[in-house]
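Understanding the architecture of this molecule
Here is how the chains run, residue by residue.
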Number of protein chains: 2
Amino acid sequence: MNKQRKVFTAFVILLLMTLTGCSCTGGIKQAPLPSWNEGAAKASIIEFVQAVTDKSSPDYVQPDERIATFDNDGTLWSERPVYFQLLFAIDRVKQLAPHHPEWQTTQPFKAVLEDDMQVLAASGEKGLLQLIMATHAGMTTDEFSAIVKDWLATAKHPRFHRPYNELVFQPMLELLTYLRANQFKTFIVSGGGIEFMRPWVEEVYGIPPEQVVGSTIKTRLEIREGKPVLIRLAEIDFVNDKAGKPVGINQYIGRRPIAAFGNSDGDLQMLQWTAAGDGKRFMMLVHHTDAQREYAYDRKSHIGKLDKALDAAKQNGWTVVDMQKDWQVIYPFNN
Amino acid sequence: MNKQRKVFTAFVILLLMTLTGCSCTGGIKQAPLPSWNEGAAKASIIEFVQAVTDKSSPDYVQPDERIATFDNDGTLWSERPVYFQLLFAIDRVKQLAPHHPEWQTTQPFKAVLEDDMQVLAASGEKGLLQLIMATHAGMTTDEFSAIVKDWLATAKHPRFHRPYNELVFQPMLELLTYLRANQFKTFIVSGGGIEFMRPWVEEVYGIPPEQVVGSTIKTRLEIREGKPVLIRLAEIDFVNDKAGKPVGINQYIGRRPIAAFGNSDGDLQMLQWTAAGDGKRFMMLVHHTDAQREYAYDRKSHIGKLDKALDAAKQNGWTVVDMQKDWQVIYPFNN
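Residues numbered from 1 in each chain as written. Chains lettered and ligands numbered in written order. Predicted model: local features only at pLDDT ≥ 70, side-chain atom pairs only at ≥ 80, totals over all residues.

1. A closer look at the nonpolar core
The nonpolar side chains of a soluble globular protein tend to be buried with one another. Counting residues in each nonpolar core, the largest one holds 143 residues, and the members touching the most others are Ile188 and Leu285 of chain A together with Ile188 and Leu285 of chain B. Setting aside residues no more than four positions away along its own chain, Leu285 of chain B makes contact with Gly262, Asn263, Leu306, Ala309, Leu310, Ala313, Trp318, Val320 and Val321 of chain B. (Core = buried A, V, L, I, M, F, W, Y, C linked by C-beta atoms within 7 Å. Buried ≥ 20, exposed ≤ 12 C-beta atoms within 10 Å, placed from the backbone. Contact = placed C-beta atoms within 7 Å.)

So this is what it looks like as structure tokens:
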């Protein structure tokens, strides 16, 4: 082909694409999941995605039914030494302490101010709830969102000395991208607070606020200075964990996922709910096996306990990711 | 250009589009809102959409922030003689009556079985709640979805003798399409039950289940015959009406809409919440002024009362659609 013809052809293509509103969505295809080592886990993901997206496959699924749900703590980002939302509450108590002299002598606040994690742990669920309510309620939704963003901009993880939203798993980011490139709609379905996640998950995971399902406290509409605001109330609305996850999925999404990703017994019911649907399904657990690069814990852990769900995965042939073996890198900053 | 070159060029274009994954999304552009008469209402919609989608406009809004929320009853479909969901409950009571001999002598069921709408109305909110719980709870979510679909396939509107899901407003369908063509994400935000809407709204409005916000009853995960199911409980979870609408919007969507569409005082807070955001906003009310083709009602109506919101619209310069003057056709079957 002579040069003139090449230029002419390129010009015609450009012109036609402009006129007809064409856009390129494919581009040059990269091999998916580059941070995943070759092995059964990676192969099972790719096999599933190919089966449900190939129109000639008996397992083909229409794009609008390609719903994938992801737990957050321990699945998309780390959850040690304790859930990051609890570390947020602890930092917040310290910040607010000057306005609450009574906290110096009242548990569980006293324990927080004295960094006494043993006493804090002993305060149990009731103590935890008091911490959450003292730090997550009483302000408008916009104010709370700003508080979360400020914390992420300043707080650092005690071991990795990085902002918490950098402690996300690079292989899972690639998995989210790979699924969305195959017309999956990706949702977070977390036991964490919806409004603790929404301020940052779009930027970090590419998941918009309307695709975040989580635990909620109640809110109430009020008029302040002539403007409507939503006030966060010290009252639990919904706990999106364990048997709550299928409830939350049904309430927010209204369709059963065809793929679900978790890491603990808190995700077992979500995976069972996903598996119980018709047609091809994909269920995956992230097994934290890498004490050197991240953390190693499972059956006996207080945070992110993985026991019954690990048995269920073995019984049902679900994919179990061995973090140490299956992941080339853990965090984006390892690259 | 000689014939050989034309064929060659066409071939190259086709080849490149295939290889690069190009697709045509633009096509030939139709004039938007064909069933809307020329006038202030139509002009205000188009002016708004152009302002927020034109990158050179000071009012430009990023696509992911283009959230539009629609009330359902009276805004997207009719709501007379009474809310269609109530007619569903009434039909369901009649269907279930053989299994409930006690209903023959117990209100409000007796009134329903005797078609005594006056006594039914006198039973008030408490009676209504009893009807809803007797007909909407006690089954799995899948079973309820099938019941709703069966009803839509068989029940007919008393005046128009059409299935209820044909009594949707053609101009509003065009508005939904127009907004989505301009990269808006369209949500239903209705006082009606989420699970009463989800079985049919995707087909009728092009709105997927995960973009439906509404009232909910609680559900509980159970294992039946070895499979997890969600049981609908006779317990109100959330009423998505009036001051509940901003709460529901925040809970489900997590962003403030930039455009909101309603028809009654139940939508006032949603419109105020939308209006209170920064940047350009669009608020619209459908005013039912057409007794001949649909219904005419406003300030004194028991269903879809439009009084305070009509005053607010006038004060704030919101768009008010005069159904009789602004809409060329009402229902798709009028075409």
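2. Re helix H6 (residues 124-136) of chain A
All names here are of chain A. The end-to-end C-alpha separation of H6 is 18 Å, in line with the 18 Å expected for 13 residues at 1.5 Å each. Every buried residue of H6 is listed here: Leu131, Ile132, Thr135 and His136. Along the axis of H6, the buried positions cluster into a sector of 100°, meaning they face one direction only. Contact partners of the buried residues in H6: helix H3 (84-96), helix H4 (109-113), helix H7 (141-154), strand E3 (185-193), strand E4 (212-224) and strand E5 (227-238). Within two residues after H6, Gly138 carries a phi angle of roughly 95°, on the positive side. (Helix = DSSP H or I, 4+ residues; strand = E, 2+ residues; numbered from the N terminus. Expected span 1.5 Å × (residues − 1). Arc of directions from axis to C-beta.)

3. Observations concerning helix H8 (residues 170-181) of chain B
Residues and elements named next belong to chain B. Between the first and last C-alpha of H8 there are 17 Å, a value that for twelve residues agrees with the 16 Å anticipated at 1.5 Å per step. Summarising the contacts, the buried residues of H8 are in contact with helix H2 (40-53), strand E2 (67-70), strand E3 (185-193) and helix H9 (194-205). Downstream of H8 by a residue or two, Gln183 has a phi angle that is positive, lying close to 65°.

4. What to know about the packing of helix H3 (residues 84-96) of chain B against helix H6 (residues 124-136) of chain B
The description of two packed helices rests on the angle between their axes and on the distance between the axes. Residues and elements named next belong to chain B. Relative to each other, H3 and H6 sit at 60°, their axes nearing to 9 Å. For the pair H3 and H6, the crossing hand works out as left-handed. Between H3 and H6, the contacting residues are Ala89, Arg92 and Val93 on the first element and Leu131, Ile132, Ala134 and Thr135 on the second. When the residues that make up the contact of H3 with H6 are grouped by side-chain class, the tally is five nonpolar, one polar and one charged. (Axes fitted to C-alpha atoms, helices over the stretch in contact; angles between N-to-C directions. Left-handed = near helix turned anticlockwise from the far one by under 90°. Nonpolar A, V, L, I, M, F, W, Y, C, P; charged D, E, K, R; others polar.)

5. Points about the sheet that holds E4 of chain A
Residue and element names in this part refer to chain A. Spatially, E5-E4-E3-E2-E6-E7-E8 is the arrangement adopted by the seven strands of the open sheet, whose pairing is mixed. Single-partner strands in this sheet number two, and they are E5 and strand E8 (319-322). Neighbour-to-neighbour, the strand axes of the sheet open up by a mean angle of 30°, direction not taken into account. Sheet analysis places strand E7 (residues 282-287) next to E8, joined by four bridges and oriented parallel. (Pairing = 2+ DSSP bridges.)

6. Re the pairing of strand E6 (residues 259-262) of chain A
Residues and elements named next belong to chain A. Neither face of E6 is exposed, since Ala259 and Phe261 on one face and Ala260 and Gly262 on the opposite face are all buried. The pairing of strand E2 (residues 67-70) with E6 spans three bridges and is classified as parallel. Within E6, the residue paired with Ala68 across the bridge is Ala259. Pairing of E6 with E7, which is carried by four bridges, proceeds in the parallel orientation. Directly across from Phe261, in E7, lies its bridge partner Met284. At this point the chain moves from E6, through helix H11 (residues 268-275), to the parallel E7, and the crossover so formed is right-handed. (Right-handed = clockwise from strand over helix to strand, strands pointing away.)

7. Overview of the environment of Gln183 of chain B
Residues and elements named next belong to chain B. The residue Gln183 is located in the loop between H8 and E3 in this model. Residue Gln183 is classed as partly exposed on the basis of its 13 C-beta neighbours within 10 Å. Put simply, Gln183 and Leu113 are 70 residues apart on the chain and 47 Å apart in space, counted from C-alpha to C-alpha. Contact partners of Gln183, with chain neighbours within four places excluded, come to Pro63 and Arg66.

8. Here's the deal with unusual backbone geometry
Going from Arg80 of chain A to Pro81 of chain A, the amide bond is cis rather than trans, its omega being 5°. Position of Pro81 of chain A among the secondary structure elements: in the loop between E2 and H3. Note the cis peptide between Gln107 of chain B and Pro108 of chain B, where omega equals 5°. Considering the arrangement of structural elements, one finds Pro108 of chain B in the loop between H3 and helix H4 (109-113). One non-glycine residue, Asp115 of chain A, lies in the positive phi region at around 50°.

9. Thoughts on the domain arrangement of chain A
Residues and elements named next belong to chain A. For chain A, the assigned domains are domain 1 (40-79 + 168-334) and domain 2 (84-154). A straight line from the C-alpha centre of domain 1 to that of domain 2 covers 26 Å. Every contact between the two is made by 14 residues of domain 1 and, on the other side, 14 residues of domain 2. At the level of elements, E3, helix H9 (194-205), E4 and E5 are the ones that each hand at least two residues to the side of domain 1 that touches domain 2. The leading source of residues in the side of domain 1 that touches domain 2 is E5, at six residues. Taken together, the residues that form the side of domain 1 that touches domain 2 break down as nine nonpolar, three polar and two charged. (Domains from an automatic or database assignment.)

10. Concerning the packing of helix H10 (residues 244-252) of chain A against H11 of chain A
Residues and elements named next belong to chain A. Remark: H10 packs on H11, axes separated minimally by 7 Å, with the N-to-C direction vectors making an angle of 55°. Of the possible angle classes, the one that applies to H10 and H11 is oblique. Facing Lys245, Pro246 and Ile249 of H10, the residues of H11 in contact are Gln269, Met270 and Trp273. Residue composition of the contact of H10 with H11, grouped by class: four nonpolar, one polar and one charged. (Parallel < 35°, antiparallel > 145°, perpendicular 65-115°, else oblique.)

11. With respect to the sheet that holds strand E6 (residues 259-262) of chain B
Residues and elements named next belong to chain B. One open sheet holds the seven strands; their spatial order is E5-E4-E3-E2-E6-E7-E8, and the pairing between them is mixed. Sheet topology places strand E5 (227-238) and strand E8 (319-322) at the edges, where each strand pairs with a single neighbour. The average angle at which neighbouring strand axes cross in this sheet is 30°, direction not considered.

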